[in-house]
Amino acid sequence: MASPTDISTIYESIIASILGIWFLLTILCQFRYTKFSGYIRHTVDVFGLIPLWTFFAPNPGKSDYHLLYRDKIDEDIHGDWEEMDITEERSLWSWCWNPDKRDKKILADVIQSLVASIPHYKGDKGYDLLMFSMPYLIVLHAVSHCKCNSGSVQRQFMLAETSGYLKETSPSVILLSVFHQI
Amino acid sequence: MTSIIETNQLILMILSVGLFISTLEYIKKIQIFSPTGLLSWNVMQLRWEKKDHNSFFSPMFKLFNEKGLAIIFGLRCLIILGLLFYPLETTYGWILVGLLGCSLLASSMITFYGSDGSDQMNMLIIITLFLCHSPLVEGTRLATLGLWFIGLQTCLSYTVAGIAKLVSKEWRASTAIKDVFSTKTYGSRWAAVLLKKYPGINVFLCWNVMIMETLFPLCLILPFNYALIFIIWGFIFHLLTAIIMGLNSFFWSFMAAYPALFYINHQIQHLF
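This section reports on the structure supplied with the text. Since we're looking at a predicted model, the values are computed, not measured.

## A few points about the interface of chain A and chain B
Thought 1: The interface of chain A with chain B comprises 68 residues on the first partner and 85 residues on the second.
Thought 2: The tally of links from chain A across to chain B stands at six salt bridges.
Thought 3: Between Glu170(B) and Lys62(A) there is a salt bridge whose closest N-O contact spans 2.5 Å.
Thought 4: With 14 residues, helix H1 (residues 4-28) of chain A is the largest single contributor of residues to the side of chain A that touches chain B.
Thought 5: The residue makeup of the side of chain A that touches chain B, split by class, is 36 nonpolar, 17 polar and 15 charged.

So this is what it looks like as structure tokens:
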């Protein structure tokens, strides 16, 4: 029968191995564009336990993202563009209490993921397939639940970026969707 | 030198403060998980394949709505409050840390978009504390190993961030910080205007961040007085990113790892 010391030693060995493998995988997955890293991140790591520590690098996030939508009133008449309130200025207390960072981060992650996936959908019908991608569906789902004043059943959205306070570059459109049934 | 028990307890206490704030922030923003929210399960479930809906994860899927997640976050706050009364070394404290880890793992399944490095650091530390403080284990060998794991992951995080910046054209051109600070998402108007007016500050900040992040692991091996330079730099760095960029949760999750750095540094100095 195993003594408490034996059990303790076995447990220690198992945990030491787990931590060792975890650390090794973290190092290997810092190379974000390798096949191995992609496989671990998207297939194995369902809980997001393998961190990617490349904060604000190599591309520092230098844009504010905006999500706008408009309704089709009839064939030739469209409603005005409305913006989802996400990129608001931070309050004075955001150094200790900043719940708004979550919406902004979700939208930034979704848009970055969408922009990164656009090249994979190049081709004849490629961009139609983009509409079935997860980031596209997240954005569409969010705008389709925004208040509708026109009574319209069709809605289009636009993802745009601006350069923030200094306005050193002009605002630009990242993606303009087709009209979707809502 | 602080004892290993005190070091681990300090880590848990600092982490708990940040995690409590972060959880209350999620509760304030609970509508993002509603059927009309950005992270509605109606859409997020598409991340899972059909076979996953019959896996052992599937019972958790029922919790991924506004009400279910409000319960998870509410319980998490209670667990954190419970840790005020039960230290990590007690069996109840260890169970509470385990439950805290479970709640973090559960919510991570739906916060695939929107979570950041501080959430990952929190999860990494909590799971390590749980695994390395099992009542099954005698002695402090595993607790020491856990501190080494937390310390090395922290050093890796800075070094990877530093190297990734060094290979970036925008960081080397010293425009990156001004560009980030000029966004409404991560910047501040006064900081952006200041950096535009005095480009020298921008150059100093960019190279300061790149060099200090890359060399950060030296804090483990340098004599303590020199290692303190990195520790103080890290404290100021995270404080400023909280004030200027609103990254409040990074401050707490990374500060929580610093007692592990102190411990490793002292252990190495003691060895040589």
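## What about the packing of aromatic side chains?
Thought 1: Going through the model one piece at a time under the given rule, you end up with 29 aromatic pairs over all chains.
Thought 2: Taking 6.5 Å as the distance between ring centres and 75 degrees as the angle between the ring planes, the aromatic pair formed by Phe23(A) and Phe149(B) counts as edge-to-face. Of this pair, Phe23(A) sits in helix H1 while Phe149(B) sits in helix H7 (residues 141-166), each in a different chain. Both residues of the pair, Phe23(A) and Phe149(B), belong to the buried class.
Thought 3: With centroids separated by 6.1 Å and ring planes inclined at 80 degrees, the aromatic side chains of Phe55(A) and Phe254(B) adopt a geometry described as edge-to-face. Separated into two different chains, Phe55(A) in the loop between helix H2 (35-44) and strand S1 (64-71) and Phe254(B) in helix H14 (residues 248-271) make up a pair that spans both. Summarising the burial analysis for this pair, Phe55(A) and Phe254(B) share the class buried.
Thought 4: An aromatic cluster is built from Trp53(A), Phe55(A), Tyr158(B), Phe216(B), Phe230(B), Trp233(B), Phe237(B), Phe250(B), Phe254(B) and Tyr258(B), whose rings are joined through pairwise contacts.

## Quick notes on the packing of helix H4 (residues 66-82) of chain B against helix H5 (residues 91-108) of chain B
Residue and element names in this part refer to chain B.
Thought 1: Where H4 contacts H5, the axes come no closer than 10 Å and their chain directions differ by 155 degrees. Taken together, the axis directions place H4 and H5 in an arrangement best described as roughly antiparallel. Crossing of H4 over H5 shows left-handed handedness. Contacts from Ile72, Phe73, Arg76, Ile79, Ile80 and Gly82 in H4 reach Leu96, Leu99, Leu100, Ser103, Leu104, Ala106 and Ser107 in H5.

## Considerations on the environment of Asn208(B)
Thought 1: Along the chain, Asn208(B) turns up in helix H11 (residues 199-215).
Thought 2: Note: C-alpha distance between Asn208(B) and Gly162(B) (46 residues apart in sequence) is 10.0 Å.

## Things to note about the packing of H5(B) against helix H6 (residues 117-132) of chain B
Residues and elements named next belong to chain B.
Thought 1: The geometry of H5 relative to H6 is characterised by a closest axis approach of 9 Å and an angle of 145 degrees between their N-to-C directions. The element H5 and its partner H6 pack so that their crossing is left-handed. In this structure, H5 contributes Trp94, Val97, Gly98, Leu100, Gly101, Leu104, Leu105 and Ser108 to the contact, and H6 contributes Asn122, Met123, Ile126, Ile127, Leu129 and Phe130.
Thought 2: For the contact of H5 with H6, the per-class residue count stands at 10 nonpolar, four polar and no charged.

Procedures and definitions
- Residues numbered from 1 in each chain as written.
- Chains lettered and ligands numbered in written order.
- Predicted model: local features only at pLDDT ≥ 70, side-chain atom pairs only at ≥ 80, totals over all residues.
- Heavy atoms only, no water.
- Contact = heavy atoms within 4.5 Å.
- Salt bridge = Lys/Arg side-chain N within 4 Å of Asp/Glu carboxyl O.
- Helix = DSSP H or I, 4+ residues; strand = E, 2+ residues; numbered from the N terminus.
- Nonpolar A, V, L, I, M, F, W, Y, C, P; charged D, E, K, R; others polar.
- Phe/Tyr/Trp six-rings, centres within 6.5 Å; stacked < 30°, edge-to-face > 60°.
- Buried < 20%, exposed > 50% of the residue type's maximum accessible area, 1.4 Å probe, protein only.
- Axes fitted to C-alpha atoms, helices over the stretch in contact; angles between N-to-C directions.
- Parallel < 35°, antiparallel > 145°, perpendicular 65-115°, else oblique.
- Left-handed = near helix turned anticlockwise from the far one by under 90°.

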